[in-house]
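# Structural characterization, general
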Amino acid sequence: MDRLANTVRPYAWGSTTAIPGLLGTPVTGEPQAELWMGAHPGAPSRVDRGDGPRPLTDVIAADPERELGAPAVRAFGPRLPFLLKLLAAAAPLSLQVHPDRARAEAGFAAEEARGIPLDAPHRTYKDPHHKPELLCALTPFDGLCGFRDPVRTADLFAALDVDALKPYVDLLHAHPASDALREVLTAVLTADRAAIAETVAQASAAAERLAGEEGPYRDDCAAYAFVARHYPGDPGVLAAMLLNHVRLQPGEALHLDAGVPHAYLDGFGVEIMAGSDNVLRCGLTPKHVDVPELLRVVRFEPTVPAVLRPEAGPDEEEVYDAPVDEFRLSRRVRAADAPPVRLDAPAPQILLCTAGAARLQGGDGELELARGESAFVPAGERVELRGECTLFRATVAV
């Protein structure tokens with residue numbers, strides 16, 4: 001097993017304090033949005049097996065079956081199929097969706113055939129993979145996830161009492177749910193930018209007003225007003241108002257499947273995702289918004305966010321059950337007198353300590369993980385856990 005040296009990503013929306021607070025490192029005043037653990041080529045973790053630090057990507061490429069196990073290589077090829085992160089949001093991330101596997105393969109092939117460079121700003125598909133995600137909250141965590149029932153959204157828009165929203169109220173009442181949601185989102189994203197900015201300003205002011213009053217829309221409007229303060233005039237603010245607001249408590253999780261529009265707003269959590277860079281943005285970003293492709297990918301159906309709570313498994317393990325093959329996330333919250341437990345697996349693992357200290361005993365010695373530290377365990381390697389800690393375990397569901 002290997003202690004991981006990981007890279008912090010300084011995206012503008014990141015918290016300045018959450019990741020340093022966990023790692024015990026100085027607060028610099030600069031945003032620290034994500035800490036990446038894994039073998040993503042954009043910022044691979046580094047390991048040292050006695051010959052100096054090496055990217056985990058290179059270690060895996062040198063002997064994929066030894067590091068990943070034959071079943072994982074057969075299923076996903078010679079690459080670690082998941083990326084584990086600490087995610088610390090102090091401002092809204094872009095409103096976005098991810099494609100399913102079939103759409104990712106088709107979209108990637110089409111852009112390759114057209115000769116669009118992978119780093120072109122208007123490139124949509126960076127690889128042929130889908131990108132399901134799961135986020136587990138370490139602190140209270142706010143987000144937007146999935147379309148609200150159109151009738152309830154029509155009631156919200158009516159309560160905002162903005163004349164320019166009345167056509168959307170009529171659309172949301174007049175059509176079946178999927179058609180209504182498609183028409184309103186299309187209208188918002190294709191409207192004249194100057195004209196829609198004024199509508200956004202009026203709707204944002206109304207949301208601020210309702211957020212300060214007792215009523216059924218108070219919490220939702222507080223979330224939309226938070227978004228609007230960070231993205232004044234952005235059409236994505238109106239798109240966000242079509243979505244459910246969800247607040248996770250520590251230990252709760254949210255699974256985000258293909259086609260479900262979502263945005264993280266504020267909070268600190270552990271995120272795991274399939275190893276892909278395919279993101280289609282709906283707004284709240286200066287980056288490219290590919291509206292025609294977005295409308296092909298979005299699932300226009302009302303949903304109620306499915307908040308996951310861990311299911312008890314053997315040996316204290318609590319599993320966040322998600323219908324994904326590329327990853328499996330679980331945690332253990334251990335007392336000081338908890339007996340040792342084996343963590344062997346036929347697939348690769350990343351172990352992340354978020355509280356206390358985790359002592360890992362392997363065939364090549366002992367490794368202690370403090371808060372915020374992580375380790376890579378190759379497939380089939382023997383490892384035993386001791387110590388009072390909270391330990392997240394990421395592996396492959398094969």
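Note: the structure precedes this text.
Residues numbered from 1 in each chain as written. Predicted model: local features only at pLDDT ≥ 70, side-chain atom pairs only at ≥ 80, totals over all residues. Heavy atoms only, no water.

By secondary structure assignment, the location of Thr7 is in strand β2 (residues 7-9). Residue classification places Thr7 among the partly exposed positions, given a relative accessible area of 22%. Expressed as a C-alpha distance, the spacing of Thr7 and Arg46, which sit 39 residues apart in the sequence, is 8.9 Å. Polar contacts involving the side chain of Thr7 include one to the side chain of Arg46, which spans 3.3 Å. (Helix = DSSP H or I, 4+ residues; strand = E, 2+ residues; numbered from the N terminus. Buried < 20%, exposed > 50% of the residue type's maximum accessible area, 1.4 Å probe, protein only. Polar contact = N/O pair within 3.5 Å; in protein donor to acceptor, adjacent residues only side chain to side chain.)

This next bit is on the nonpolar core. Counting residues in each nonpolar core, the largest one holds 53 residues, and the members touching the most others are Phe157, Leu160, Leu238 and Met241. Sequence-distant contacts of Leu160, that is, excluding residues within four places in its chain, are made with Leu165, Ala203, Ala206, Ala207, Arg209, Leu210, Cys221 and Met241. One finds Ala39, Ala72, Ala88 and Phe376 within the second-largest nonpolar core, a separate group that totals 39 residues. (Core = buried A, V, L, I, M, F, W, Y, C linked by side-chain atoms within 4.5 Å. Contact = heavy atoms within 4.5 Å.)

This paragraph deals with the pairing of strand β24 (residues 389-395). Counting buried positions along β24 yields 7 of 7 residues, so the element is predominantly enclosed. Because side chains alternate across β24, one face comprises the buried residues Cys389, Leu391, Arg393 and Thr395, and the other comprises Thr390, Phe392 and Ala394, equally buried. Sheet topology places strand β17 (residues 328-334) next to β24; 7 bridges connect them, and they run antiparallel. When the sheet's bridge partners are listed, Arg331 is paired in β24 with Phe392. One ladder, built from 7 bridges, connects strand β19 (residues 349-356) with β24; its direction is antiparallel. Paired with Leu352 across the bridge in β24 is Phe392. (Pairing = 2+ DSSP bridges.)

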